[in-house]
Amino acid sequence: MSRIRVVLAEDGDLLRAGVMALLDGYDDIEVVATATNLPELLAAVGEHRPDVVLTDIRMPPDFTDEGIRAAGELRHTHPGIGVVALTQYSDVEYALDLVREGSDGRGYLLKERVADVDELVAALRTVAAGGSVIDQIVVDALVATGTRRHDSVLDRLTPRELEVLGMVARGMTNAAIAGELVVTDRAVEKHINSILTKLDLPSDAPVHRRVAATLVFLSEAGVGGGVSPLR
């Protein structure tokens, strides 16, 4: 069995030990190194070349956005290494920054997901394979507000298109959306194509268009402040 090699960056001793103990129960996951701050994380990546970095967002030295900064640097220095960022803050700006240069190999989870180790491991596997994960709690919290900015790009959408986009943001498939709205799969596909066109999301966007549409929806939700839509 091919193992997913992980560097774990977390400055809290108890949480770091707990995550290591939980991951130890999975034959396909191996924690090859740990770090407690940004310099240690980057050094560990350079030495061990893991498949995935599992990192807290806020660490020494500044306790601001070290995990996001590490992900941005690794995008350029080690583009094949995935990053799963853990945070206790459901701030969409972090999620947007994490995937601004591409969503492939990136994940954003709330720390409470550590308690559901199967979900955490699933995220590690997805990211190691080049996929992307955005915590559903973050999505749901923003979708539930039902608000958006003045002069939002979402104003371009019809009420039905906005409803469909909200379902896309919740991670629903086209078939699930069709079932919820009692329409055909073809009708949902037409709505989504119209949404992507109206949001000016080009087919060659660095972020997958469906993910990009979700991020536009989140960034326009009026929660988390100061976030520009991802183009």
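Residues numbered from 1 in each chain as written. Predicted model: local features only at pLDDT ≥ 70, side-chain atom pairs only at ≥ 80, totals over all residues. Heavy atoms only, no water.

The name an unreviewed UniProt entry gives the protein chain is Response regulator transcription factor, with Nocardioides cavernae as the organism.

Here we come to the nonpolar core. Ranked by size, the top nonpolar core spans 24 residues in total, and within it Val7, Leu41, Val45, Val53, Ile57, Leu98 and Tyr108 carry the most contacts. Breaking this core down by element, the ones donating at least two residues are strand 1 (4-9), strand 2 (29-35), helix 2 (38-48), helix 3 (66-77), strand 4 (82-87) and helix 4 (92-99). With residues up to four places along the chain from it excluded, the contact list for Val53 reads Val7, Leu41, Val45, Leu74, Ile81, Gly82, Val83 and Val84. (Core = buried A, V, L, I, M, F, W, Y, C linked by side-chain atoms within 4.5 Å. Buried < 20%, exposed > 50% of the residue type's maximum accessible area, 1.4 Å probe, protein only. Helix = DSSP H or I, 4+ residues; strand = E, 2+ residues; numbered from the N terminus. Contact = heavy atoms within 4.5 Å.)

For the rest of this paragraph, the subject is helix 9 (residues 185-198). Its 14 residues place the ends of helix 9 20 Å apart at the C-alpha level, agreeing with the 20 Å of an ideal helix rising 1.5 Å per residue. Three or more residues of helix 9 are buried, namely Val188, Ile192, Ile195 and Leu196. Down the axis, helix 9 shows its buried residues gathered within 95° of arc, on one side only. Of the exposed residues in helix 9, the ones pointing more than 90 degrees away from its buried face are Arg186, Lys190 and Thr197. (Expected span 1.5 Å × (residues − 1). Arc of directions from axis to C-beta.)

Looking now at the sheet that holds strand 6 (residues 132-134). Taking strand neighbours across the sheet as the criterion, the 6 strands line up as 2-1-3-4-5-6 in an open arrangement whose pairing is parallel. Looking at the sheet topology across the chains shown, the edges are occupied by strand 2 and strand 6. The average undirected angle you get between the axes of adjacent strands in this sheet is 20°. Where strand 1 meets strand 2, 6 bridges bridge the pair, whose relative direction is parallel. Across the sheet, Arg5 pairs through a bridge with Glu30, a residue of strand 2. The sheet contacts of helix 2 involve strand 1, strand 2 and strand 3 (52-56), and relative to strand 2 the element is tilted by about 135°. Packed on one face of the sheet, helix 5 (residues 117-128) meets strand 1, strand 2, strand 3, strand 4, strand 5 (106-110) and strand 6 and runs near 150° to strand 4. (Pairing = 2+ DSSP bridges. Axes fitted to C-alpha atoms, helices over the stretch in contact; angles between N-to-C directions.)

Moving on to the pattern of salt bridges. Pairing is possible between side chains that carry opposite charge, provided their charged atoms lie close to one another. Using the criterion set out here, one finds 13 salt bridges in the structure. Across the salt bridge formed by Lys111 and Asp56, the nearest N and O atoms sit 3.0 Å from each other. A residue pair is termed long-range when its members are at least 10 positions apart, and Lys111 in the loop between strand 5 and helix 5 and Asp56 in strand 3 qualify at 55 residues. Arg69 is the partner of Glu66 in a salt bridge, and the nearest nitrogen-oxygen pair spans 3.7 Å. (Salt bridge = Lys/Arg side-chain N within 4 Å of Asp/Glu carboxyl O.)

Turning our eyes to something else, we now look at the pairing of strand 3. In terms of residue burial, strand 3 counts as a mostly covered element, since 5 of its 5 residues are buried. Here 5 bridges tie strand 3 to strand 4, and the two strands are oriented parallel to one another. If you follow Leu54 over to strand 4, its bridge partner there is Val84. With helix 3 bridging strand 3 and the parallel strand 4, this β-α-β connection has right-handed handedness. (Right-handed = clockwise from strand over helix to strand, strands pointing away.)

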